[in-house]
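Letter by letter, the chains look like this.
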Amino acid sequence: MRQFTFDKKIKLIIEDNALNKIYNYNPIDYNYENGGILLGRLKENSNTYIVTDVSTTNSKDKKGKNYFIRNKKVAQIILNKYWKESEGKTNYLGEWHTHNEKYPNPSFIDKKLIRQMKNNKNDEYVYVFMIILGLNKELYVCTINEQNKIQKLEEE
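Peer 1: Could you give an account of the overall build of the protein chain, with specific residues and numbers?
Peer 2: Tallying secondary structure elements over the protein chain gives three helices and eleven strands in all. Computed over C-alpha atoms, the radius of gyration of the protein chain comes to 14 Å, within 12% of the 15 Å expected from 2.2 N^0.38 for 156 residues, which places it in the range of a compact globule. Dimensions of the protein chain along its principal axes, counting C-alpha atoms only, are 45 × 35 × 30 Å. Considering the protein chain as a whole, with its 156 residues, one finds that 46% of them fall into the buried category. Summarising the internal contacts of the protein chain: among those between residues at least 6 apart in sequence, 64% fall at separations of at least 24. As displayed, the protein chain has an accessible area near 9000 Å², and 46% of this comes from carbon and sulfur atoms.

Peer 1: Residue-level account of the sheet that holds strand E4 (residues 48-54), with values.
Peer 2: Spatially, nine strands are ordered E10-E9-E8-E7-E3-E4-E2-E1-E11 in an open sheet, and the strand pairing comes out mixed. The sheet is open, and its two edges are formed by strand E10 (150-152) and strand E11 (154-155), each paired on a single side. For strand E3 (residues 35-42) and E4, the ladder comprises five bridges, and the chain directions are antiparallel. Paired with Leu39 across the two strands is Asp53, which belongs to E4. Docked against the sheet, helix H2 (residues 72-85) engages E3, E4 and strand E7 (91-98), running at close to 25° with respect to E3. Here helix H3 (residues 108-120) sits on the sheet in contact with E7, strand E8 (129-133), strand E9 (139-144) and E10, set at roughly 150° to E8.

Peer 1: Describe in detail unusual backbone geometry, supporting the description with residues and values.
Peer 2: In this structure, Asp7 is a non-glycine residue whose phi angle is positive, near 55°. Position of Asp7 among the secondary structure elements: in the loop between strand E1 (2-6) and strand E2 (10-14).

Peer 1: Tell me about the pairing of E3, and name the residues and values.
Peer 2: With respect to burial, E3 is a largely interior element, six of its eight residues being buried. Bridging between E3 and E7 involves six bridges; their strand directions are antiparallel. Considered in E7, the bridge of Gly40 is made with Asn91. Between E3 and E4, which follow one another and run antiparallel, lie five residues, and Asn45 among them has a positive phi close to 55°.

Peer 1: Mind laying out the nonpolar core, listing which residues take part and the relevant values?
Peer 2: Of all hydrophobic cores here, the largest spans 24 residues; its most connected members are Leu12, Ile14, Leu38, Tyr49, Val51, Phe129 and Leu139. Among the secondary structure elements, those contributing two or more residues to this core are E1, E2, helix H1 (16-23), E4, E7, E8 and E9. Ranked by the residues each element gives to this core, the list is headed by H1, at four residues. Sequence-distant contacts of Leu139, defined by excluding residues within four places in its chain, comprise Arg2, Phe4, Ile14, Leu19, Tyr23, Pro104, Ile131, Ile132 and Leu133. With 14 residues, the next largest nonpolar core counts Leu39, Val128, Ile132 and Cys142 among its residues.

Peer 1: Just give me the short version of the pairing of E4, but keep the residues and values in it.
Peer 2: By the criterion of burial, E4 is predominantly enclosed, with seven of the seven residues buried. In terms of strand pairing, E2 meets E4 through four bridges, oriented parallel. What sits directly across from Ile14, in E4, is Val51.

Calculation notes
- Residues numbered from 1 in each chain as written.
- Predicted model: local features only at pLDDT ≥ 70, side-chain atom pairs only at ≥ 80, totals over all residues.
- Heavy atoms only, no water.
- Helix = DSSP H or I, 4+ residues; strand = E, 2+ residues; numbered from the N terminus.
- Rg over C-alpha atoms; globule rule 2.2 N^0.38 Å.
- Buried < 20%, exposed > 50% of the residue type's maximum accessible area, 1.4 Å probe, protein only.
- Contact = heavy atoms within 4.5 Å.
- Areas by Shrake-Rupley, 256 points an atom, 1.4 Å probe, with all protein chains shown as cover.
- Pairing = 2+ DSSP bridges.
- Axes fitted to C-alpha atoms, helices over the stretch in contact; angles between N-to-C directions.
- Core = buried A, V, L, I, M, F, W, Y, C linked by side-chain atoms within 4.5 Å.

Rendered as structure tokens:
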């Protein structure tokens, strides 16, 4: 489990199950990026978001050396399945993908995507998150704040 915070009030916990699926995609082993969606929940009466699982790359996704575009239809099917099985407790928390660099940083396209994620979301959660996996299990974790700026979360 890894924990991240920003503004000393918002916390993101990534459970081991989700981390292990992400870590399975070591960027150096691939000539293209991989990724998926973050699945989880907001802990009741708190500002703690918990990533309980993630989807992984599928054959319908588009990917290349410097990009990953998830298939929206497949992602929606996965989200609907988790939502139903959890009786509405598991929801979309954001996106994850790999970068072939030791210390990953969001690209211009990544920044555009997280802004779109915030604008397009229609659920009860205030925040959406992006996780970028770099080499040696380095993670860049961010959200978009109230001023529409990318906000990196710090690991606790």
